[in-house]
Amino acid sequence: MYRYDEFDHAFVNERVAEFRDQVARRLTGELSEEEFRPLRLRNGLYLQLHAYMLRIAIPYGQLSPRQLRQLGMIGRKWDRGYGHFTTRQNLQFNWIKLVDVPDVLAALADVEMHCIQTSGNCVRNVTSDPYAAAANDELEDPRVWCEILRQWSTLHPEFNWLPRKFKIAVSGAAEDRAATAFHDIGLRIVRGPDGENGFRVLVGGGMGRTPYVGQVIREFLPKEHLLSYVDSILRVYNLLGRRDNLYKARIKILVNALGIDKFREAVETDWEATNKDAVDLPEDEIRRIASYFAPPDLPERAPRDEALAARRESDSGFAIWYRNNVLAHRVPGYASVVISLKEPGRTPGDASSDTMDLVADLAERFGHNEIRTNYTQNLVLPHVALADIPALYDVLAEAGLAVGNNEMLGDMICCPGLDYCNLANARSIPIAKEIAKRFEDPERQAEIGKLRVNMSGCINACGHHHSGNIGILGVDKRGTELYQITLGGSPKDDAAVGTIIGPGFRAEKVPEVIDTIVDTYVENRQEGESFLETWRRVGAAPFKEALYGAR
Amino acid sequence: MPSVVTANRLNDGIVVYLAPDGTWTEDIVAAARAESEDEVKALEATAAEAVRERLVISVYPMPIEVKEDGAVDPISVRERIRASHRTTLTKDWYDVPL
């Protein structure tokens, strides 16, 4: 993985010292809250419902054991012993004291981490495929380009005060596992006309109150021009994007107001006028950064492990976990393992400091020192030998972490909602817990099959409800929490925004409502059909009938 | 309907309420209750001074209901969650009492 050089270390340490000074000046009154607020936000520090929240950047979701252990230490020493993994592959601590933040930032800098640009109207953490360099459908490692974008966008003088925040995702695989179509810019590595790799560039996707699926602005961009092209997109947005209305300030609004053709024309004109050599990275520099992402040296292993096969036969709990949480690896004899943070009864995406320590240990023991966070709020060990999987499972099971529900109904994405968040209108965590309880039986989940249920506690859609096969949106209706259901969303290659199915439901009804929707799907599906396929074939009518027919 | 004034403490962000003696308490039951608009204004003036003194930030008044047994109900779900100083209002593996 990428390692800080002297410049990176000096830069991050300077920022820590700068913020230490700013906090001190706030506490002595030299800075008012109005003056301090934008400064703390630029360092990822929000004031939430109960306390300050610190959002820590995990660039493209990659962590070393040392980093994860340090996050565990921070949780234990300065928070309440747990943190929350987010849909931007980041980590949030919910109970950080302002007076402790400089020390927390210093502890992060010790392990080459920071909170810079995790808030504010700038380019945020670039997200990616959690199975990068492991998946067998990968064309090229996206992390190299994520790191290039990270370095380019960090304190970029032209793009540090955009009309609104800006989110980029990069995927290098055949299957989109980074929800690229729901980003301000989505980058897909694709094979070009002459057999070389480049980017299909999407622009103007997003969730929030006005959800859009991103549109293709360029079918093929030669890789070496990534920075100059992204530069031109951001320049056009920076100049033409609205600054008069917070709700219309994202690039998706501009792209859809102009139309993709006019927007493309503006970008291409700017790009033509750009001195590309001044912006694009020289080949040597791309190679230098790529060298940090050399895949681990995986010793040769037998493609089939007999003990593992026997365990799958004899232990049904293991077999279910294996089926859902162990994914094919491009190297025979290896797999990627998902450590689900969705045990029924727990807050989706939360991990205790003890869990962080344990996963760090497991990554060292079995995982070639790599950990990834997934935007679906789980952890991933991307490189595990098949022969080690039973032993890994036993440790996870002992710790209550062998939860075999990856990509199943129980694997809900869930924002912190009104239990933590200042913007939320309704709670999401207790609803997720109740749904998880109702569908706790793994056999039932297996019968249902893969199903993405996403929930947000407000229209800002941090819980990606728009892209859920089943989406749940909490709203406040005259002081009562009410939950709107959307159906048919997808974050994948067939990206779609879900359709509101009808009037909302009270909190206590939601688990039953999900049950009714699931039953309707199971009754209507044809052999092998996914939820989306059934939904697209039969339409809303049977679901409406089942939910509202008796009214 | 009586009101109390709430805020977050500057140095640690914790939810607090203005008490009758001008200090800030984490316990909503111990908060000063304003029964009229004038009394709300008086509490807000005291709170504004506390903002200047850098004790608290994000100050606002909010209505409450006092139950027969003396319990204070902050009425809105949001304020109930804030007053509880805990999340999810359900029994949870990580709930840490203050």
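Quick notes on the rules
Residues numbered from 1 in each chain as written. Chains lettered and ligands numbered in written order. Predicted model: local features only at pLDDT ≥ 70, side-chain atom pairs only at ≥ 80, totals over all residues. Heavy atoms only, no water. Helix = DSSP H or I, 4+ residues; strand = E, 2+ residues; numbered from the N terminus. Buried < 20%, exposed > 50% of the residue type's maximum accessible area, 1.4 Å probe, protein only. Contact = heavy atoms within 4.5 Å. Areas by Shrake-Rupley, 256 points an atom, 1.4 Å probe, with all protein chains shown as cover. Patch = residues over 30% accessible without salt bridge, like charges linked within 9 Å, V, L, I, M, F, W, Y side chains within 5 Å. Salt bridge = Lys/Arg side-chain N within 4 Å of Asp/Glu carboxyl O. Lys, Arg positive; Asp, Glu negative; His and termini not counted. Charge placed at Lys NZ, Arg CZ, Asp CG, Glu CD. Axes fitted to C-alpha atoms, helices over the stretch in contact; angles between N-to-C directions. Parallel < 35°, antiparallel > 145°, perpendicular 65-115°, else oblique. Nonpolar A, V, L, I, M, F, W, Y, C, P; charged D, E, K, R; others polar. Domains from an automatic or database assignment. Polar contact = N/O pair within 3.5 Å; in protein donor to acceptor, adjacent residues only side chain to side chain. Core = buried A, V, L, I, M, F, W, Y, C linked by side-chain atoms within 4.5 Å. Buried area = accessible area lost by both parts, 1.4 Å probe. Arc of directions from axis to C-beta. Pairing = 2+ DSSP bridges. pLDDT = per-residue confidence, 0-100.

## Some thoughts on the overall build of chain B
Consideration 1: Broken down by element type, chain B carries two helices and six strands.
Consideration 2: Counting from the amino terminus, chain B carries its helices and strands in the arrangement β-β-β-α-β-β-β-α.
Consideration 3: Looking at chain B as a whole, 44% of its 98 residues are labelled buried.
Consideration 4: Of the contacts made within chain B by residues no fewer than 6 positions apart, 51% connect residues no fewer than 24 positions apart.
Consideration 5: A total accessible area of about 5000 Å² is found for chain B, and carbon and sulfur atoms account for 53% of it.

## A word on a negative patch on the surface
Residues and elements named next belong to chain B.
Consideration 1: Together, Glu-35, Glu-37, Asp-38 and Glu-39 line one region of the surface with negative charge.
Consideration 2: In this structure, Asp-38 sits in helix α1 (residues 37–52).
Consideration 3: Taking the relative accessible area as the measure of exposure, Asp-38 reaches 59% and is therefore exposed.

## Structural notes on the packing of helix α1 (residues 6–28) of chain A against helix α4 (residues 101–110) of chain A
Residues and elements named next belong to chain A.
Consideration 1: Closest axis-to-axis distance for the α1/α4 pair is 9 Å, and the angle between their directions is 175 degrees. On the basis of the axis angle, α1 is roughly antiparallel to α4. Touching Val-12, Asn-13, Val-16, Phe-19, Arg-20 and Val-23 of α1 are Val-101, Pro-102, Asp-103, Leu-105, Ala-106 and Ala-109, all from α4.
Consideration 2: For the contact of α1 with α4, the per-class residue count stands at nine nonpolar, one polar and two charged.

## Observations concerning the domain arrangement of chain A
Residues and elements named next belong to chain A.
Consideration 1: Its domain assignment divides chain A into domain 1 (6–110), domain 2 (134–291), domain 3 (306–398) and domain 4 (413–548).
Consideration 2: On a C-alpha basis, the centroid separation for the pair domain 2 and domain 4 is 30 Å.
Consideration 3: Each partner contributes residues to the interface: domain 2 has 14 residues there, and domain 4 has 13 residues.
Consideration 4: For Lys-492, the salt bridge is made with Glu-175, and the minimal N-O distance between the two is 2.8 Å.
Consideration 5: The tally of links between domain 2 and domain 4 comes to five residue pairs in polar contact (both at pLDDT 80 or more).

## With respect to the nonpolar core
Residues and elements named next belong to chain A.
Consideration 1: Counting residues in each nonpolar core, the largest one holds 103 residues, and the members touching the most others are Leu-149, Ile-233, Phe-263 and Ile-389.
Consideration 2: It is helix α6 (residues 226–240) that provides the largest number of residues to this core, a total of eight residues.
Consideration 3: The contacts of Ile-389, once residues within four sequence positions are left out, are Leu-308, Phe-318, Trp-321, Tyr-322, Val-326, Ala-335, Val-337 and Val-384.
Consideration 4: Membership of the second largest hydrophobic core comes to 37 residues, among which are Ala-51, Trp-95, Ile-435 and Val-518.

## Comments concerning the interface of chain A and chain B
Consideration 1: Counting from both sides, the interface comprises 34 residues of chain A and, opposite them, 26 residues of chain B.
Consideration 2: In total, about 2500 Å² of surface goes out of reach between chain A and chain B, with carbon and sulfur atoms giving 62% of it.
Consideration 3: Three residues stand out in chain A for area buried against chain B, namely Leu49(A), His50(A) and Arg80(A), and they jointly supply 24% of the buried area on that side.
Consideration 4: For the interface between chain A and chain B, the tally reads zero salt bridges.
Consideration 5: Across the chain A-chain B interface, the total number found is five residue pairs in polar contact (both at pLDDT 80 or more).
Consideration 6: Elements supplying a minimum of two residues to the side of chain A that touches chain B: α1, β5 (91–96), β13 (350–352) and α15 (429–438) of chain A.
Consideration 7: Among the residues forming the side of chain A that touches chain B, the class breakdown is 15 nonpolar, nine polar and 10 charged.

## Side note on helix α7 (residues 251–258) of chain A
All names here are of chain A.
Consideration 1: When we look at burial in α7, the residues that qualify are Ile-251, Lys-252, Ile-253, Leu-254 and Val-255.
Consideration 2: Where α7 is buried, its residues touch β9 (197–203), β10 (215–222), α6 and α8 (260–273).
Consideration 3: One or two steps after α7, the chain reaches Gly-259, where phi turns positive at roughly 90 degrees.

## What to know about helix α11 (residues 306–314) of chain A
Residue and element names in this part refer to chain A.
Consideration 1: All of the buried residues along α11 are Leu-308, Ala-309 and Arg-311. An end-on view of α11 places all buried positions within 160 degrees of arc, on one side of the element. Turned more than 90 degrees away from the buried face of α11, the exposed residues are Glu-306, Ala-307, Glu-313 and Ser-314.

## Examining the sheet that holds β9(A)
Through backbone hydrogen bonds, the strands of a sheet pair up, either in parallel or in antiparallel fashion.
Residue and element names in this part refer to chain A.
Consideration 1: The mixed open sheet is built from five strands, whose spatial order is β6-β7-β8-β9-β10. Only two strands of the sheet have a single partner each, and these edge strands are β6 (127–128) and β10.
Consideration 2: Alignment of β9 against β10, held across five bridges, turns out to be antiparallel. Looking at the pairing, Gly-198 lines up with Pro-222 of β10.
Consideration 3: Along the sheet face, helix α5 (residues 143–153) touches β6, β7 (168–171), β8 (185–191) and β9 and points at about 155 degrees away from the line of β7.

## Focus: the sheet that holds strand β4 (residues 56–63) of chain B
Consideration 1: If you walk across this open sheet you meet the four strands as β3-β2-β1-β4 (chain B), and the pairing is antiparallel. For this open sheet the edge positions go to β3 (24–25) and β4 of chain B, each flanked by a neighbour on one side alone.

## Examining a nonpolar patch on the surface
Consideration 1: There is a patch of nonpolar side chains on the surface, built from Leu239(A), Leu240(A) and Leu258(A) and spanning about 290 Å² of accessible area.
Consideration 2: Taking the relative accessible area as the measure of exposure, Leu240(A) reaches 45% and is therefore partly exposed.

## Quick look at the pairing of strand β17 (residues 453–456) of chain A
All names here are of chain A.
Consideration 1: Burial of β17 is two-sided: the residues Val-453 and Met-455 facing one way and the residues Asn-454 and Ser-456 facing the other way are all buried.
Consideration 2: One ladder, built from two bridges, connects strand β16 (residues 413–414) with β17; its direction is parallel. Counted as the bridge partner of Ile-413 is Asn-454 from β17.
Consideration 3: Where β17 lies against strand β18 (residues 470–477), four bridges are found, and the strand directions are parallel. Pairing of Ser-456 across the sheet is with Leu-473, part of β18.

## Topic: the confidence of the model for chain B
Consideration 1: When the pLDDT values of chain B are averaged, the result is 89; 88% of them are 70 or greater.
Consideration 2: Across residues 89–98 of chain B, where pLDDT falls below 50, the model places 27 contacts with residues more than four positions away in sequence or in other chains.

## Some thoughts on the environment of Glu443(A)
All names here are of chain A.
Consideration 1: Counting through the fold element by element, Glu-443 comes out in helix α16 (residues 442–448).
Consideration 2: Using a relative accessible area of 52% as the deciding quantity, one classes Glu-443 as exposed.
Consideration 3: Distance in space between the C-alpha atoms of Glu-443 and Ile-320 is 8.6 Å, their sequence separation being 123 residues.

## Considerations on the side chain of Gln22(A)
Consideration 1: Within the secondary structure layout, Gln22(A) lies in helix α1.
Consideration 2: If sequence neighbours within four positions are ignored, Gln22(A) has contacts with Leu31(A), Phe36(A), Leu39(A) and Asn43(A).

## Regarding the side chain of Asn454(A)
Residue and element names in this part refer to chain A.
Consideration 1: By secondary structure assignment, the location of Asn-454 is in strand β17.
Consideration 2: Assessed through its relative accessible area of 0%, Asn-454 is described here as buried.
Consideration 3: Discounting chain neighbours no more than four positions away, the residues touching Asn-454 are Ile-413, Gly-463, His-464, His-465, Ser-467, Gly-468, Ile-470, Gly-471 and Ile-472.

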